[in-house]
Amino acid sequence: MLLTDDFRESVRRARLFAVMCVMVCAGFFVAAATTADQPVGDAVGLIDGEDIAVTGPMSVEVAGGQAKTILRSGSDVRVKSGHARISLVEGGQISICGPAHLSVLKSGGAVTVALDSGAIHARLEREPALSVYTAQIQGQPVAIGDEPREFLVGFESAGIMCVRTYRGAMRLEQQLSGQSVMVPQGGDVTLANGQIDALGNGAGRCNCELQIAKAPVVPLPRNEIPPTTVESARGETAGAGEKSSKKEEPIYTVDMPPLRFDASAKVQPEPDPRLMVIVRRVRVRPTLIFQGRVEGEALTTAVVTPPPVRSAPANAAPAPAQGSVVDRVRSFFRKLWTRGN
């Protein structure tokens with residue numbers, strides 16, 4: 001009877017140990033699956049808006065008592081109405097004007113926006129590298145020097161695509177034919193059915209105002225480290241009296257000649273590099289002005305004493321007054337005649 005009780009107790013302990021091992025293994029599997037679903041570094045940025053719907057990979061963080069939605073690589077975004085804003089992790093803003101539908105992908109430091117409808121207005125600093133894909137066109141913004149990139153891409157209606165460049169240029173490429181064209185800075189064009197051969201004047205279509213958030217802070221999951229510091233928060237969080245130690249460098253601007261397009265040519269002629277002008281802008285430093293006083297031995301000033309004035313005797317005859325030339329000649333002849341007598 002005693003052996004049976006000991007055997008039952010051993011079996012019960014073995015079962016309890018087996019259950020604990022299964023629970024621990026299940027916890028490891030769940031953690032591994034969660035880590036696989038949300039790899040480190042695939043966070044695109046924080047999105048906020050009034051009437052939006054996000055599906056696919058994403059995460060929700062609570063910051064300041066408010067729930068923040070963080071887009072991850074593969075997120076699908078629908079803006080049903082109004083506006084939405086994406087604050088990128090690397091810095092920069094993307095405004096979405098609804099109704100709009102798009103998807104975001106991220107690989108390394110490059111972000112891809114697949115735009116299906118609506119319009120986006122983006123402003124980017126040096127990072128990240130961003131591309132815009134539509135069903136037929138691929139757009140790649142090109143920065144001029146160290147200047148930021150700012151552009152607008154959208155659809156006015158079915159088949160009518162708008163492209164506008166505010167700062168920097170944009171290269172458009174037809175994904176089927178491989179034809180490409182460069183939209184210069186300040187350009188405003190439209191494409192019908194993705195045909196680069198027939199670029200039209202945009203005339204201010206597809207309006208979408210840029211909504212820039214003040215010092216956007218993107219909350220990331222605890223197991224992630226932001227790749228770079230948010231560029232747009234540097235100037236706004238610095239104190240008013242803080243002096244920047246960044247070295248000022250000259251700014252170069254390249255002015256290109258007007259681009260030509262020949263519909264009959266299969267390969268478009270490249271712009272003549274001899275007509276390109278490079279403008280170098282520098283800041284002239286003000287002339288140095290020193291203020292102060294020079295200390296040294298005092299200079300001795302010589303005092304010049306005027307000569308004494310001699311007083312004439314009391315009985316002296318007054319000096320004859322100097323008359324005119326005629327009076328002198330008359331006096332001379334008068335004396336001459338007096339002597340002769």
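In this report, we go over the structure that sits alongside the text.

A short note on the overall build of the protein
Within the protein, the regular secondary structure consists of three helices and 16 strands. In the protein, which comprises 341 residues, the proportion classed as buried is 27%. Looking at the protein alone, contacts between residues at least 24 apart form 55% of all its contacts between residues at least 6 apart. Carbon and sulfur atoms make up 57% of the accessible area of the protein, which totals about 24300 Å².

Points about the state of the cysteines
For the structure on display, the rule yields two disulfides. What pairs with Cys 97 in a disulfide is Cys 208, and their sulfur atoms sit 2.0 Å apart. Measuring handedness by torsion sign, the sulfur bridge of Cys 97 and Cys 208 sits at about 90° and is right-handed. Here Cys 97 is found in strand β5 (residues 93-107), whereas its partner Cys 208 is found in the loop between β14 (199-201) and α2 (234-237), with 111 residues between them in sequence. Both residues of the pair, Cys 97 and Cys 208, belong to the buried class. Each disulfide of the protein joins two cysteines, and with those cysteines numbered along the sequence the arrangement is 1-4, 2-3.

Here's the deal with a nonpolar patch on the surface
Residues Tyr 252, Val 254, Met 256, Leu 259, Met 276 and Ile 278 make up a contiguous nonpolar surface patch of roughly 550 Å² in combined accessible area. Relative to the helices and strands, Met 256 resides in the loop between β15 (251-255) and β16 (277-281).

What to know about the pairing of strand β8 (residues 137-142)
Taken together, the two bridges between strand β7 (residues 129-133) and β8 define a ladder with antiparallel strand orientation. Bridge assignment links Val 132 to a residue of β8, and that residue is Gly 139. With antiparallel pairing between neighbouring strands as the criterion, β7 and β8 make up a hairpin whose turn holds three residues. Of the strand pairs in this sheet, β8 and strand β11 (residues 169-174) are connected by six bridges, and their pairing is antiparallel. If you follow Gln 140 over to β11, its bridge partner there is Arg 171.

Overview of the environment of Val 181
The topology assignment puts Val 181 in strand β12 (residues 180-183). Classification of Val 181 as buried rests on a relative accessible area of 18%. C-alpha of Val 181 to C-alpha of Gly 139: the two residues are 42 residues apart in sequence and 10.0 Å apart in space. Non-local contacts of Val 181, meaning those with residues more than four positions away in its chain, are made with Met 170, Arg 171, Leu 172, Ile 196 and Leu 199.

Here we look at the nonpolar core
In this structure, Ile 94, Ile 96 and Ile 120 are the most contacted members of the largest nonpolar core, which totals 34 residues. Top element by residues in this core is strand β6 (residues 110-124). It accounts for six residues. When sequence neighbours within four positions are dropped, the list of residues in contact with Ile 94 reads Ala 84, Arg 85, Ile 86, Leu 88, Val 113, Ile 120, His 121, Ala 122 and Leu 130. In terms of nonpolar packing, the next biggest core, distinct from the first, is built from six residues, Cys 97, Ala 119, Cys 162 and Cys 208 among them.

Focus on the pattern of salt bridges
Applying the stated criterion across every chain yields a total of seven salt bridges. Salt-bridge contacts for Arg 72 lead to Asp 42; the nearest nitrogen and oxygen are separated by 2.6 Å. Here Arg 72 is found in strand β3 (residues 66-72), whereas its partner Asp 42 is found in the loop between α1 (2-37) and β1 (43-55), with 30 residues between them in sequence. This pair shows no difference in class: Arg 72 is buried, exactly as Asp 42 is. With a shortest N-O distance of 2.7 Å, Lys 106 and Glu 90 are connected by a salt bridge. Taken together, the residues Lys 106 in strand β5 and Glu 90 in the loop between β4 (75-88) and β5 connect sequence positions 16 residues apart.

Details of the layout of surface pockets
Size it by volume and the largest pocket reaches roughly 1200 Å³. If you trace the largest pocket, you find 39 residues lining it, with Val 181, Met 182, Val 183, Met 256 and Leu 259 closest to the centre. When its residues are assigned to classes, the lining of the largest pocket shows 22 nonpolar, seven polar and 10 charged.

Topic: unusual backbone geometry
Residue Pro 99 is reached from Gly 98 by a cis peptide bond, and omega for that bond is 0°. Of note, Pro 99 is situated in strand β5. With an omega of 0°, the peptide bond between Glu 127 and Pro 128 qualifies as cis. Structurally, Pro 128 can be placed in the loop between β6 and β7. With phi around 60°, Asn 193 is a residue other than glycine that occupies positive phi space. Turning to its location among the elements, Asn 193 is positioned in the loop between β13 (188-192) and β14.

Side note on the pairing of β12
Note on strand geometry: in a regular strand, side chains alternate between the two faces of the sheet. Burial along β12 is one-sided: the face carrying Val 181 and Val 183 is buried and the face carrying Ser 180 and Met 182 is not. As defined by bridge partners, β11 adjoins β12 across four bridges and the pair is classed as antiparallel. Across the sheet, residue Met 170 finds its bridge partner in β12, namely Val 183. Counted along the chain from β11 to the antiparallel partner β12, the turn is five residues long, and its residue Gly 178 has a positive phi close to 85°.

The rules behind these values
- Residues numbered from 1 in each chain as written.
- Predicted model: local features only at pLDDT ≥ 70, side-chain atom pairs only at ≥ 80, totals over all residues.
- Heavy atoms only, no water.
- Helix = DSSP H or I, 4+ residues; strand = E, 2+ residues; numbered from the N terminus.
- Buried < 20%, exposed > 50% of the residue type's maximum accessible area, 1.4 Å probe, protein only.
- Contact = heavy atoms within 4.5 Å.
- Areas by Shrake-Rupley, 256 points an atom, 1.4 Å probe, with all protein chains shown as cover.
- Disulfide = S-S within 2.5 Å.
- Patch = residues over 30% accessible without salt bridge, like charges linked within 9 Å, V, L, I, M, F, W, Y side chains within 5 Å.
- Salt bridge = Lys/Arg side-chain N within 4 Å of Asp/Glu carboxyl O.
- Pairing = 2+ DSSP bridges.
- Core = buried A, V, L, I, M, F, W, Y, C linked by side-chain atoms within 4.5 Å.
- 1 Å grid on protein atoms, 1.4 Å probe; cavity = no way out; pocket = protein on both sides within 12 Å on 5 of 7 lines; lining within 4 Å.
- Points joined across faces, edges and corners; volume = space filled by probe spheres on them.
- Nonpolar A, V, L, I, M, F, W, Y, C, P; charged D, E, K, R; others polar.

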